[in-house]
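Single-letter residue listing:
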Protein chains: 2
Amino acid sequence: MASKAAVDKRRQILDAAVRVFARQGFHATRVSDIADEAGVAYGLVYHYFRSKDEVLNELFIERWSLLLAAIDEADRAGGSHRSRLAAVASFIIDSYRHDPELMKVIIVEVTRAANSFGQTHLEQIRSAYESIAKIVADGQEAGEFRADVAPLFASMSFYGAIEQLLSGWIFDVIPATDTSFDNAKDLLVTTICDGLEPR
Amino acid sequence: MASKAAVDKRRQILDAAVRVFARQGFHATRVSDIADEAGVAYGLVYHYFRSKDEVLNELFIERWSLLLAAIDEADRAGGSHRSRLAAVASFIIDSYRHDPELMKVIIVEVTRAANSFGQTHLEQIRSAYESIAKIVADGQEAGEFRADVAPLFASMSFYGAIEQLLSGWIFDVIPATDTSFDNAKDLLVTTICDGLEPR
DNA sequence: ACTGCCATTGACTGACCAGTCAATCAGTGA
DNA sequence: TCACTGATTGACTGGTCAGTCAATGGCAGT
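Everything in this summary refers to the structure shown in the same document. (Residues numbered from 1 in each chain as written. Chains lettered and ligands numbered in written order. Predicted model: local features only at pLDDT ≥ 70, side-chain atom pairs only at ≥ 80, totals over all residues. Heavy atoms only, no water.)

1. Points about the environment of Ser 157 of chain B
Right, on to step 1. With respect to the helices, strands and loops of the structure, Ser 157 of chain B is situated in helix H8 (residues 151-170).
Right, on to step 2. Apart from residues no more than four positions distant in its own chain, Ser 157 of chain B is found in contact with Ala 161, Leu 165, Leu 187 and Leu 188 of chain A. (Helix = DSSP H or I, 4+ residues; strand = E, 2+ residues; numbered from the N terminus. Contact = heavy atoms within 4.5 Å.)

Written out as structure tokens, the structure is:
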């Protein structure tokens, strides 16, 4: 089957793109950098992708759909709503732990670049906010969360906090150690659910 | 004095740059766009600024030093540490309310673009995190905040939440109304200090 | 051993734009 | 009036790259 090799090459280009985008940033990478990194001819990138943008699109869509699925699953898994939020935080932080380069690209070049690239994916990004907001709203309904906080606000604060911590690791503002990751998971849930003030 | 007019022209260029950057994004704006918007010849931009980058630098530095000063003042003003955090959130949100275009540029092109531009200003950005972290740490010392949360983590979560809400307004994920702004101030402090769960 | 189809190659082109620079203008002081 | 200085102008250059395309390679079915 010819397409077997083809699928591999396509993947090879995507993986190379992650590395190069993570290293140099999207704007600073030339298509030839991706081709070189993938060990492939320049033109082949255009055989598999319509444009440089489409390569990034593909990476984002692949990854983001996993996130949306994970949020959904966290919600469906039941348990306290606090534990569902914990599952979301865990998933995102583990995604970073597992593939920091990909997550760096997604966050730096898409999620936090809502001006250029994010614009295209705003719908999908918003969809994540809303799924998290639903967990909050349900938690309020169940009496587990206070009712006087707008769910979407809470959701965005929660997600913003997570992303900020990821950025901290990405740019070495805070050390990216395993204990740091685990602390962060606890902290995020503790802060958002219990607050900073002692009970 | 010749420099009077010169200062005006310089300002005129900076103000025009804010508008154009906000509208098109930094990468997509040509220097000629700035010159046109300012009603000034192309070359004059280079008379006042070494490069296109320096225009953005200037905008960031002007604004960020105000933020650092505001955090400092919030801290020095005394009162509960909770109220100091509230003052910080207030300042940032009011900055957006007062000059959304400038804040959009700062956040989208610098703060959240730590890859390209932010890299240069990472020190200053980190400085803000640390000033906020100091407020948290002092609050812990004073027994107002629980001691088992790393101050820098708390600070980054807090700041990340603020920035995420600003992004929401910037990109119309949440409506940018006055009540929305005021709600956000309350929410941020309530969430970070009291948590979502009822007491 | 031929034919057709897709993968693969990389040289080339066309557009774009940051930054340069030589020329002109305008205010000031003598 | 003249000379000096800094402000202002905009045409031009040099370099960079995204995307094109015509040519080649190689496999699969007959």
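2. Concerning the protein's contact with DNA strand C
Right, on to step 1. In the vicinity of DNA strand C there are 17 residues, among which Lys 9, Ala 41, His 47 and Tyr 48 of chain A together with Tyr 42 of chain B approach most closely.
Right, on to step 2. Atoms of DNA strand C within 4 Å of the protein: sugar and phosphate make up 67%, bases the balance.
Right, on to step 3. Here Lys 9 of chain A contributes a side-chain N or O atom positioned 2.9 Å from a phosphate oxygen of DNA strand C.
Right, on to step 4. Within the side chain of Tyr 48 of chain A, an N or O atom sits 2.7 Å from a phosphate oxygen of DNA strand C.
Right, on to step 5. Residue assignment for the surface near DNA strand C shows that the elements contributing at least two residues are helix H1 (2-24) and helix H3 (42-48) of chain A together with helix H3 (42-48) of chain B. (Near = heavy atom within 4 Å. Polar contact = N/O pair within 3.5 Å; in protein donor to acceptor, adjacent residues only side chain to side chain.)

3. Here's the deal with the packing of helix H5 (residues 81-98) of chain B against helix H9 (residues 178-194) of chain B
All names here are of chain B.
Right, on to step 1. The geometry of H5 relative to H9 is characterised by a closest axis approach of 10 Å and an angle of 150° between their N-to-C directions. Regarding the angle of H5 to H9, the classification is roughly antiparallel. Crossing geometry of H5 relative to H9 is assigned as right-handed. On H9, the residues touching Arg 82, Leu 85, Ala 86, Ala 89, Ser 90, Ile 93, Asp 94, Tyr 96 and Arg 97 of H5 are Asp 178, Phe 181, Asp 182, Ala 184, Lys 185, Leu 188, Val 189, Thr 190, Ile 192, Cys 193 and Asp 194.
Right, on to step 2. For the contact of H5 with H9, the residue count by class is eleven nonpolar, two polar and seven charged. (Axes fitted to C-alpha atoms, helices over the stretch in contact; angles between N-to-C directions. Parallel < 35°, antiparallel > 145°, perpendicular 65-115°, else oblique. Left-handed = near helix turned anticlockwise from the far one by under 90°. Nonpolar A, V, L, I, M, F, W, Y, C, P; charged D, E, K, R; others polar.)

4. Some words on the relation of the copies chain A and chain B
The operation linking the two copies of the chain is a rotation about an axis combined with a translation along the axis.
Right, on to step 1. For the match of chain A to chain B, the screw axis carries a shift of 0.0 Å, the RMSD comes to 0.0 Å, and the turn is 180°. The superposition operator between the copies reduces to a two-fold rotation axis. When each C-alpha of chain A is compared by its distance to the rotation axis, Gly 195 of chain A comes out closest, at 1.7 Å.
Right, on to step 2. When the interface residues of chain A are mapped onto chain B, 100% of them again lie at the interface, so the same face is used by both copies. (Least-squares fit on C-alpha atoms with pLDDT ≥ 70 in both.)

5. A word on helix H7 (residues 118-141) of chain A
Along an α-helix, residues three or four positions apart point the same way, because every turn accommodates 3.6 residues.
Right, on to step 1. Here H7 of chain A spans 32 Å end to end across 24 residues, near enough to the 34 Å set by a 1.5 Å rise per residue.
Right, on to step 2. If you look at H7 of chain A, its biggest bend is around 35°, right at Gln 124 of chain A.
Right, on to step 3. Contact partners of the buried residues in H7 of chain A: helix H4 (52-76), helix H5 (81-98), helix H6 (100-111) and helix H8 (151-170) of chain A together with H8 of chain B.
Right, on to step 4. Of the residues trailing H7 of chain A, Gly 143 of chain A is marked for its positive phi of about 80°. (Expected span 1.5 Å × (residues − 1). Bend = angle between axes of the 7 residues up to and from the residue.)

Worth remembering: the numbers are spatial, not functional.
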